[in-house]
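Summary of structural features
One letter stands for each residue in the lines below.
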Amino acid sequence: AEEIGAAVYEASTRRTYVMAHCHTSDSAQACIAAGVRSIEHGSDLDQETAQMIAAADSFVVPTMVVAHTALRHGLAMGLKAANLEKLEGITGKMYRSLEVCRRNGVKLGFGTDLPGNFGERQNEEFRLRAAVQPPIEILRSATAVNAELLGMSGEIGCVRPGAYADILVVNGDPTRDISVLAEPATGLSLIMSRGSLVKNMLPT
């Protein structure tokens, strides 16, 4: 606890924060008590822990897709059979934990934790989260909530004067069907990053 607290203090002197890799309630509670801002994964959190995180105004960033990808491609990723067996037990808990956090008002960010060679699968997180969250909440997680977590509200995660021009044109209505974002090759007609076009498939 003293070491976590020291990390939090040192981060604060540099005007930044600490995020912690936590799966269980015990680990998350220890980190929140020490002032950690963000719990990454949060795969097996109970109601008491969710309430504690919410009261601290901290965040949880679930990473559903990394577990699903590891289960599907674990051997290719270098995981052993014992690791895959452990993951099978965690996956169901991840959905319960997400629901507990949502029900108790925890601010839920959006992340994937996928290694670089599986980066093309990260948009599947949208589809997986839809089992628990309505589309508008998932969109807020990926935009406004993440911006707040990073201390960049008003700069990213929004469309307004003075903000970075990070804009998507979507083939469909993601507030009704979030899965359109899970297939970027067909679901996204235009991608703009900081005002520069990365992709443009719109008709001329």
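1. Some details on the packing of helix H2 (residues 25–33) against helix H3 (residues 47–55)
With their axes 10 Å apart at the nearest point, H2 and H3 run at an angle of 20° to one another. Judged by the inter-axis angle, H2 sits roughly parallel to H3. Regarding H2 and H3, the two cross each other, and that crossing is left-handed. In contact with Ser25, Ala28, Gln29, Ile32 and Ala33 of H2, H3 contributes Glu48, Thr49, Met52 and Ile53.

2. A few points about helix H7 (residues 135–149)
For H7, spanning 15 residues, the distance from its first C-alpha to its last is 20 Å, which sits close to the expected 21 Å at 1.5 Å a residue. For H7, the principal kink sits at Ser141 and spans about 45°. Among the residues of H7, Pro135, Ile138, Leu139, Ser141, Val145, Asn146, Ala147 and Leu149 are the ones counted as buried. Phi turns positive, to about 70°, at Gly151, one or two residues after H7.

3. A word on the sheet that holds strand E1 (residues 19–24)
As summarised here, the arrangement of the four strands in space is E1-E2-E3-E4, forming an open sheet in which the pairing is parallel. With one partner strand each, in any of the chains shown, E1 and strand E4 (107–108) form the two edges of the open sheet. In this fold H2 packs onto E1 and strand E2 (38–44), with an angle of close to 150° to the strand it touches most, E1. Against the sheet, helix H5 (residues 81–103) contacts E2, strand E3 (59–61) and E4, and its axis sits at roughly 125° relative to E2.

4. A few points about the nonpolar core
One recurring pattern in soluble globular proteins is that nonpolar side chains are buried together. Ranked by internal contacts, the top residues of the largest apolar core, which has 32 residues, are Val36, Ile39, Ile53, Val60, Cys101 and Val106. Ranked by residues supplied to this core, first place goes to H5 with seven residues. Excluding residues that lie within four positions of it along the chain, Ile53 makes contacts with Ile32, Ile39, Leu45, Ser58, Phe59, Val60 and Val106. Within the second largest apolar cluster, eight residues are counted, among which are Phe126, Ile138, Ile178 and Val180.

5. Description of the pattern of salt bridges
Where side chains of opposite charge bring their charged atoms close, a pairing between them can arise. What the rule picks out here adds up to ten salt bridges. Among the ionic pairs, Asp57 bridges to Lys107, the shortest N-O distance being 2.8 Å. On the criterion of sequence distance, the pair formed by Asp57 in the loop between H3 and E3 and Lys107 in strand E4 is long-range, its members being 50 residues apart. Given a relative accessible area of 46%, Asp57 falls into the partly exposed group.

6. Section: the packing of aromatic side chains
For the coordinates displayed, the defined rule picks out one aromatic pair. Positioned above the aromatic ring of Tyr17, the side-chain terminus of Arg37 is 5.3 Å from the ring centre. Here Arg194 stacks its cationic end above the ring of Tyr164, 4.4 Å away from the centre of that ring.

How each quantity is defined
- Residues numbered from 1 in each chain as written.
- Predicted model: local features only at pLDDT ≥ 70, side-chain atom pairs only at ≥ 80, totals over all residues.
- Heavy atoms only, no water.
- Axes fitted to C-alpha atoms, helices over the stretch in contact; angles between N-to-C directions.
- Helix = DSSP H or I, 4+ residues; strand = E, 2+ residues; numbered from the N terminus.
- Parallel < 35°, antiparallel > 145°, perpendicular 65-115°, else oblique.
- Left-handed = near helix turned anticlockwise from the far one by under 90°.
- Contact = heavy atoms within 4.5 Å.
- Expected span 1.5 Å × (residues − 1).
- Bend = angle between axes of the 7 residues up to and from the residue.
- Buried < 20%, exposed > 50% of the residue type's maximum accessible area, 1.4 Å probe, protein only.
- Pairing = 2+ DSSP bridges.
- Core = buried A, V, L, I, M, F, W, Y, C linked by side-chain atoms within 4.5 Å.
- Salt bridge = Lys/Arg side-chain N within 4 Å of Asp/Glu carboxyl O.
- Phe/Tyr/Trp six-rings, centres within 6.5 Å; stacked < 30°, edge-to-face > 60°.
- Lys NZ or Arg CZ within 6 Å of the ring centre and 35° of its normal.

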